[in-house]
Amino acid sequence: MTVAAAAHLDNIPVLFAKKSATVVQTEDMLQAPVYSFTHKTQNTIRVNRDYLPQGSRVLIIDDFLANGEATQGMIELCRQAGAEVVGIGIAVEKGFQDGGKKLREAGYKLRSMAIIDAIDDGKFVFREQ
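As the structure is a prediction and not an experimental result, all values here were calculated from the model.

## Concerning the overall build of the protein chain
At step 1: Looking only at helices and strands, the protein chain features three helices and six strands.
At step 2: Counting from the amino terminus, the protein chain carries its helices and strands in the arrangement α-β-β-β-α-β-α-β-β.
At step 3: Taken over C-alpha atoms, the radius of gyration comes to 15 Å for the protein chain, in line with the 14 Å a tight globule of 129 residues would show.
At step 4: When its C-alpha atoms are laid out on the principal axes, the protein chain stretches across 50 × 35 × 25 Å.
At step 5: When the 129 residues of the protein chain are sorted by exposure, 32% land in the buried category.
At step 6: Once local pairs closer than 6 in sequence are excluded, the contacts in the protein chain between residues at least 24 apart make up 53%.
At step 7: For the protein chain, the exposed area adds up to about 8400 Å²; of that, 53% sits on carbon and sulfur atoms.
At step 8: If you average the places of the 15 positive and of the 16 negative side-chain charges in the protein chain, the two averages end up 1 Å apart.

This is the structure we're talking about:
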């Protein structure tokens, strides 16, 4: 989804935050803690500072939004870098959890392709948009 969004927006650069350390990791990494609601684990996301220069304008793209932990982690990486979050794009937002509400209340421009407001008898109830 992220690469498709970048291609649609005239091939803007794409940066992925890694959840695990790698052998090519440098000392100059930006890091933020992220709790995974799905896996019930604490992770640390990382990006090399060189790839997120100060003054960058960032569009955060993610597949699912539940409590907003991953998005908050990305926002924290941007804050550390001195970059500006200009928007957040989500494929599926779990509207029955408070991540989207908190991000909108914090003033972020958030757009979700679909928002699930409830799961009723095993069926998704989608929000009218």
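## Here we look at a nonpolar patch on the surface
At step 1: Among the surface-exposed residues, L9, I12, L59 and V86 lie close enough to one another that they form a single nonpolar patch of about 280 Å² accessible area.
At step 2: Checked against the element boundaries, L59 lands in strand β3 (residues 57-65).
At step 3: Judged by its relative accessible area of 37%, L59 falls in the partly exposed class.

## Thoughts on the confidence of the model for the protein chain
At step 1: Of all residues in the protein chain, 95% have pLDDT values of 70 or greater, and the mean over the chain is 90.
At step 2: Mean pLDDT across the elements of the protein chain bottoms out in helix α1 (residues 2-8) (74) and peaks in helix α3 (residues 99-105) (97).

## Describing the side chain of E93
At step 1: Looking at the element boundaries, E93 is found in strand β4 (residues 84-94).
At step 2: Here S112 takes part through its side chain, which lies 2.7 Å from a polar atom of the side chain of E93.
At step 3: With residues near it in sequence (within four places) discarded, E93 still touches L65, G100, R104, L110, S112, A114, I115 and I116.

## Considering the layout of surface pockets
It is the rolling of a water-molecule-sized probe over the atoms that shows where space remains empty.
At step 1: Space inside the largest pocket adds up to approximately 1100 Å³.
At step 2: The wall of the largest pocket is formed by 41 residues, among which I60, I61, D62, A70 and M74 lie closest to the centre.
At step 3: Elements represented by at least two residues in the lining of the largest pocket include exactly α1, β1 (29-36), β2 (41-48), β3 and α2 (69-81).
At step 4: Of all the elements, β3 adds the most residues to the lining of the largest pocket, at nine residues.
At step 5: Split into classes, the residues belonging to the lining of the largest pocket amount to 26 nonpolar, nine polar and six charged.

## Quick notes on unusual backbone geometry
At step 1: Positive phi is not limited to glycine here, since K40 has a value of about 55°.
At step 2: If you trace the backbone, K40 turns up in the loop between β1 and β2.
At step 3: One non-glycine residue with positive phi stands out, namely D121, at about 55°.
At step 4: Following the sequence through the fold, D121 ends up in the loop between β5 (110-120) and β6 (123-126).
At step 5: The class of D121 is exposed, set by a relative accessible area of 73%.

## Some remarks on the pairing of β5
At step 1: The sheet contact formed by β4 and β5 spans six bridges and is parallel. The residue of β5 that forms the bridge with K94 is I116.
At step 2: In this sheet, β6 lies alongside β5 in antiparallel orientation, the contact comprising four bridges. Within β6, the position partnered with I116 by the bridge is F126.

Thresholds, definitions, all that
Residues numbered from 1 in each chain as written. Predicted model: local features only at pLDDT ≥ 70, side-chain atom pairs only at ≥ 80, totals over all residues. Heavy atoms only, no water. Helix = DSSP H or I, 4+ residues; strand = E, 2+ residues; numbered from the N terminus. Rg over C-alpha atoms; globule rule 2.2 N^0.38 Å. Buried < 20%, exposed > 50% of the residue type's maximum accessible area, 1.4 Å probe, protein only. Contact = heavy atoms within 4.5 Å. Areas by Shrake-Rupley, 256 points an atom, 1.4 Å probe, with all protein chains shown as cover. Lys, Arg positive; Asp, Glu negative; His and termini not counted. Charge placed at Lys NZ, Arg CZ, Asp CG, Glu CD. Patch = residues over 30% accessible without salt bridge, like charges linked within 9 Å, V, L, I, M, F, W, Y side chains within 5 Å. Salt bridge = Lys/Arg side-chain N within 4 Å of Asp/Glu carboxyl O. pLDDT = per-residue confidence, 0-100. Polar contact = N/O pair within 3.5 Å; in protein donor to acceptor, adjacent residues only side chain to side chain. 1 Å grid on protein atoms, 1.4 Å probe; cavity = no way out; pocket = protein on both sides within 12 Å on 5 of 7 lines; lining within 4 Å. Points joined across faces, edges and corners; volume = space filled by probe spheres on them. Nonpolar A, V, L, I, M, F, W, Y, C, P; charged D, E, K, R; others polar. Pairing = 2+ DSSP bridges.

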